[in-house]
Amino acid sequence: MEFAGSPFRNEDGSLTEAQKRGWKVFSDPKVGCIECHPGDPKNPSALFSDAQTHDVGTGRVGQDGFRTTPGAVFNTAALEKGVDPYGEEYDVPIIGLDLVKEFDTPTLRDIYASGTYFHDGSAETLMATIDNTATTKDMHGITSHLSNQELQDLVEFMKAL
Ligand code: HEC
């Protein structure tokens, strides 16, 4: 399968200056994107996915470092005890979504045309997928040392795929 190419590239299909800077960050082993999202932007068949599953901190299992699941309504034990199901948060998994911490590495092809991101749509923008300053502690690539400019270049690069 060959991908037609993103409208965010130069007209001749080459990368813009910002996208070239972003490709450098993306392929930097200290950042690590390319480990799990392997591919070369010059290769129209590259998928930018390793076809493996990884724990990149996006699971919601209610333990240290993971977001808790709002909604005691799923907690039948709490309901039976007469606890207000909407009153507090319980670390109860939503069956089928929250029992795992590992998710398939998605392709980054045509990512400019789709959103929201991650298995549960919890990242609304491409920038949010690489914002490791919040809850994930550099579990999804190592980006917390990058400057704002480098993060923006990385987003520009992803839009070129
Ligand atoms: C350890 C492997 C790994 C590394 C390193 C990694 N990713 Fe990911 N990436 C994943 C997995 C797994 C998901 C899916 C997570 C989910 O669905 O909750 C993902 C999801 C994404 C998404 C969302 C795609 C979609 O369609 O929802 C983007 C964008 C992304 N990664 C970009 C990057 C960038 C940029 C970097 C480098 C800063 C990076 N990834 C580093 C494994 C990785």
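Conventions we followed
Residues numbered from 1 in each chain as written. Predicted model: local features only at pLDDT ≥ 70, side-chain atom pairs only at ≥ 80, totals over all residues. Helix = DSSP H or I, 4+ residues; strand = E, 2+ residues; numbered from the N terminus. Expected span 1.5 Å × (residues − 1). Buried ≥ 20, exposed ≤ 12 C-beta atoms within 10 Å, placed from the backbone. Contact = placed C-beta atoms within 7 Å. Near = placed C-beta within 6 Å. Nonpolar A, V, L, I, M, F, W, Y, C, P; charged D, E, K, R; others polar. Core = buried A, V, L, I, M, F, W, Y, C linked by C-beta atoms within 7 Å. pLDDT = per-residue confidence, 0-100. Arc of directions from axis to C-beta.

Colleague: Can you walk me through helix 5 (residues 148–159) in this structure?
Modeller: Each full turn of the α-helix corresponds to 3.6 residues, which orients residues three or four apart in the same direction. In this model, helix 5 (12 residues) spans 17 Å end to end at C-alpha, consistent with the 16 Å of a helix rising 1.5 Å per residue. Within helix 5, burial applies to Asp153, Leu154, Glu156, Phe157, Met158 and Lys159. In this fold, the buried residues of helix 5 make contact with helix 1 (17–26) and helix 4 (126–129).

Colleague: Looking at this structure, I do not really get the site of the ligand. What am I missing?
Modeller: Surveying the vicinity of the ligand reveals 26 residues, the closest of which are Cys33, Cys36, Thr58, His119 and Gly141. Those elements that provide at least two residues to the shell around the ligand are helix 2 (33–36), helix 4 and helix 5. Per-element accounting of the shell around the ligand gives the leading share, three residues, to helix 2. Grouping the amino acids of the shell around the ligand by side-chain chemistry returns 15 nonpolar, 10 polar and one charged.

Colleague: What should I look at first to understand the nonpolar core in this one?
Modeller: Note that soluble globular proteins tend to have their nonpolar side chains buried in a common cluster. The biggest cluster of nonpolar side chains holds 15 residues, and the ones touching the most others in it are Phe26, Leu108, Ile111, Leu154, Phe157, Met158 and Leu161. For this core, the elements supplying multiple residues, two or more each, are helix 1 and helix 5. Apart from residues lying up to four places away in sequence, Met158 is in contact with Leu108, Ile111 and Leu126.

Colleague: Explain the confidence of the model for the protein chain here, please?
Modeller: Interpreting fine coordinate detail is not advised for predicted regions of low pLDDT. Overall, the prediction assigns the protein chain a mean pLDDT of 81, with 75% of residues at 70 or greater. Taken element by element, the protein chain is modelled with least confidence in helix 3 (residues 76–80), mean pLDDT 61, and with most confidence in helix 1, mean pLDDT 98. Confidence drops under pLDDT 50 across residues 62–74; counting only partners more than four residues distant or on other chains, this segment forms 28 contacts.

Colleague: Looking at this structure, I do not really get the environment of Ala113. What am I missing?
Modeller: Topologically, Ala113 is positioned in the loop between strand 2 (103–104) and helix 4. Residues Ala113 and Lys159 lie 46 residues apart in sequence; the distance between their C-alpha atoms is 8.4 Å.

Colleague: Please explain helix 1 as it appears in this structure.
Modeller: Restricting attention to buried positions, one finds in helix 1 the residues Gln19, Gly22, Trp23, Val25 and Phe26. Here the buried residues of helix 1 occupy an arc of 160° about the axis, which is enough to place them on one side. Buried residues along helix 1 sit against helix 2 and helix 5.

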